Amino acid sequence: RVSPPGAIEWAMGTLVRCGVMVEVGGKQIPTEKGAKMLGVEVSAPGSTGAALRILGFRRELRLARRDLRQVVASRLAEGRLALVALDGMKVILTKAQPSQLDLILSRLQGEASGGLKKAAPAASIVEEKRLRPTQPAAPP
């Protein structure tokens, strides 16, 4: 397996160094002062558990495909990717190389469980939403 340029191989996965902003309840969470690593750890393809681990914050932030409501990848060429969790948490990745963001998208699309569609390729504009089940019609 070949890592994208700028990514660091770890025993647990691949580290993607990039700008990260996390917003919960409309408020931005500050980064940990003195954090040596700011970015996203992408787990290995065969591993179980969370696909992404957000680094550089006081909280332990892990995201799996089943936790996501929306993935906005319309600005991959500019090095930006946004993830919206089911609980409303927003994670915005900036200053990343497009190949690094493709690695993150392919890892999210490669998981077996979850509600995101897998049809669109990672290089195209991807905006996928988890569909809510519709209410059955009332009997006449």
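The structure reproduced in this document is the subject of the present report. (Residues numbered from 1 in each chain as written. Predicted model: local features only at pLDDT ≥ 70, side-chain atom pairs only at ≥ 80, totals over all residues. Heavy atoms only, no water.)

### Focus: the pairing of strand E6 (residues 52–55)
(1) Moving on: Here four bridges tie strand E5 (residues 39–43) to E6, and the two strands are oriented antiparallel to one another. Each residue of the ladder has a partner; that of Gly39, found in E6, is Leu55.
(2) Moving on: Sheet analysis places E6 next to strand E7 (residues 61–63), joined by three bridges and oriented antiparallel. Note that in E7 the partner of Ile54 across the bridge is Leu61.
(3) Moving on: Taken together, E6 and the strand that follows it, E7, pair antiparallel across an intervening segment of five residues, in which Gly56 is found at a positive phi of about 105 degrees. (Pairing = 2+ DSSP bridges. Helix = DSSP H or I, 4+ residues; strand = E, 2+ residues; numbered from the N terminus.)

### Quick word on the pattern of salt bridges
(1) Moving on: One pass over the full model with this rule turns up five salt bridges.
(2) Moving on: Note that Glu60 and Arg53 form a salt bridge whose closest N and O atoms lie 3.2 Å from each other.
(3) Moving on: For Glu78, the salt bridge identified is with Arg75, shortest N-O distance 3.3 Å.
(4) Moving on: With a relative accessible area of 46%, Arg75 lands in the partly exposed category. (Salt bridge = Lys/Arg side-chain N within 4 Å of Asp/Glu carboxyl O. Buried < 20%, exposed > 50% of the residue type's maximum accessible area, 1.4 Å probe, protein only.)

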